[in-house]
Amino acid sequence: MVAASIEGSMNRNLRLYLWYALLFHALFWLPIFFLYFTSVLSLTDALRLEAIYFLAVVIFEVPSGYFSDALGRRRTMLLACSCLIAAYVLFFFGSSFGVFAIAQVLLAGGIAFNSGTETAMLYESLDSVGRADEYADREAAVTRNLFLGSAVAALAGGAIAMIEIRLAYVLSFLSG
């Protein structure tokens, strides 16, 4: 009974993985974020925000692996999505360097906590149902679809930003 439940859960993971990856990586804000930052802040502050983001990614990368192993893949992926959603809300409503800096840290946390966790979850799900040999093909197909999805999200984010630049963050929030 327990084995059937676990197998059902792992098969569900495999069905949802592509959708999770597509929605997580739908970065509608990507083509407009720097324009948005410089429309609200000085160029110097916009560049500082980028430094904060990259520093935060470095700081979060190692603990994210520990969280993924200790707390589980699902919880870590939920934490990653929660960080992104909070970041998108702050980006949409923010108007100061401090708010954007917090949003950048949350964005970095979301991306770092997802990094490696989603592919580990895919492998473990495949392995638990005796299909680990499918990993490379499945990951390649997901990556191919992510490139296409990211391109569509970037085009949509740029298009919606022509109406109101912050709306790209609304689309990202919705995909989160």
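Residues numbered from 1 in each chain as written. Predicted model: local features only at pLDDT ≥ 70, side-chain atom pairs only at ≥ 80, totals over all residues. Heavy atoms only, no water.

**Student:** I tried to follow helix α5 (residues 97-114) on my own but got confused; where do I start?
**Tutor:** Residues three or four positions apart in an α-helix share a direction because the helix packs 3.6 residues into each turn. The end-to-end C-alpha separation of α5 is 26 Å, in line with the 26 Å expected for 18 residues at 1.5 Å each. Every buried residue of α5 is accounted for by Phe-100, Ala-101, Ala-103, Gln-104, Leu-107, Ala-108, Gly-109, Gly-110, Ala-112, Phe-113 and Asn-114. Backbone geometry just downstream of α5 places Gly-116 in the positive-phi region, at approximately 85°. (Helix = DSSP H or I, 4+ residues; strand = E, 2+ residues; numbered from the N terminus. Expected span 1.5 Å × (residues − 1). Buried < 20%, exposed > 50% of the residue type's maximum accessible area, 1.4 Å probe, protein only.)

**Student:** Would you mind showing me how to read the confidence of the model for the protein chain here?
**Tutor:** Low-pLDDT stretches of the model should not have their predicted coordinates read in fine detail. In this model, the protein chain carries a mean pLDDT of 90, and residues with pLDDT of at least 70 account for 95%. The weakest mean pLDDT in the protein chain belongs to helix α1 (residues 2-24) at 73; the strongest belongs to α5 at 97. (pLDDT = per-residue confidence, 0-100.)

**Student:** What am I meant to see in the nonpolar core here?
**Tutor:** In a soluble, globular protein the nonpolar side chains are often hidden away together inside. Ranked by internal contacts, the top residues of the largest apolar core, which has 39 residues, are Phe-37, Tyr-88, Phe-91, Phe-100, Leu-107 and Tyr-169. Elements that contribute at least two residues to this core include exactly α1, α2 (33-40), α3 (43-71), α4 (73-93), α5, α6 (117-128), α7 (135-161) and α8 (167-175). With 7 residues, the top contributor of residues to this core is α4. When residues no more than four places from it in sequence are discounted, the contact partners of Leu-107 are Trp-29, Tyr-53, Leu-84, Ala-87, Tyr-88 and Phe-91. (Core = buried A, V, L, I, M, F, W, Y, C linked by side-chain atoms within 4.5 Å. Contact = heavy atoms within 4.5 Å.)

**Student:** Would you mind showing me how to read the packing of α6 against α7 here?
**Tutor:** When two helices pack together, their arrangement is captured by the angle between the axes and the distance separating the axes. α7 packs onto α6 with a crossing angle of 140° between their chain directions and a minimal axis gap of 10 Å. Considering their axes alone, α6 and α7 lie oblique with respect to each other. Note on packing geometry: the crossing formed by α6 with α7 is right-handed. Contacts from Thr-119, Leu-122, Tyr-123 and Leu-126 of α6 reach α7 at Tyr-135, Arg-138 and Glu-139. Looking at the contact of α6 with α7 residue by residue, the class counts come to 4 nonpolar, 1 polar and 2 charged. (Axes fitted to C-alpha atoms, helices over the stretch in contact; angles between N-to-C directions. Parallel < 35°, antiparallel > 145°, perpendicular 65-115°, else oblique. Left-handed = near helix turned anticlockwise from the far one by under 90°. Nonpolar A, V, L, I, M, F, W, Y, C, P; charged D, E, K, R; others polar.)

**Student:** So what exactly am I meant to see when it comes to the pattern of salt bridges here?
**Tutor:** Oppositely charged side chains are able to pair whenever their charged atoms sit close together. Following the criterion strictly, the structure yields 6 salt bridges and no others. The closest approach of N and O atoms between Arg-138 and Glu-134, which form a salt bridge, is 3.0 Å. Of the residues examined, Arg-138 reaches a relative accessible area of 25% and is grouped as partly exposed. Through salt bridges that share partners, Asp-69, Arg-73 and Glu-124 make up one connected network. (Salt bridge = Lys/Arg side-chain N within 4 Å of Asp/Glu carboxyl O.)

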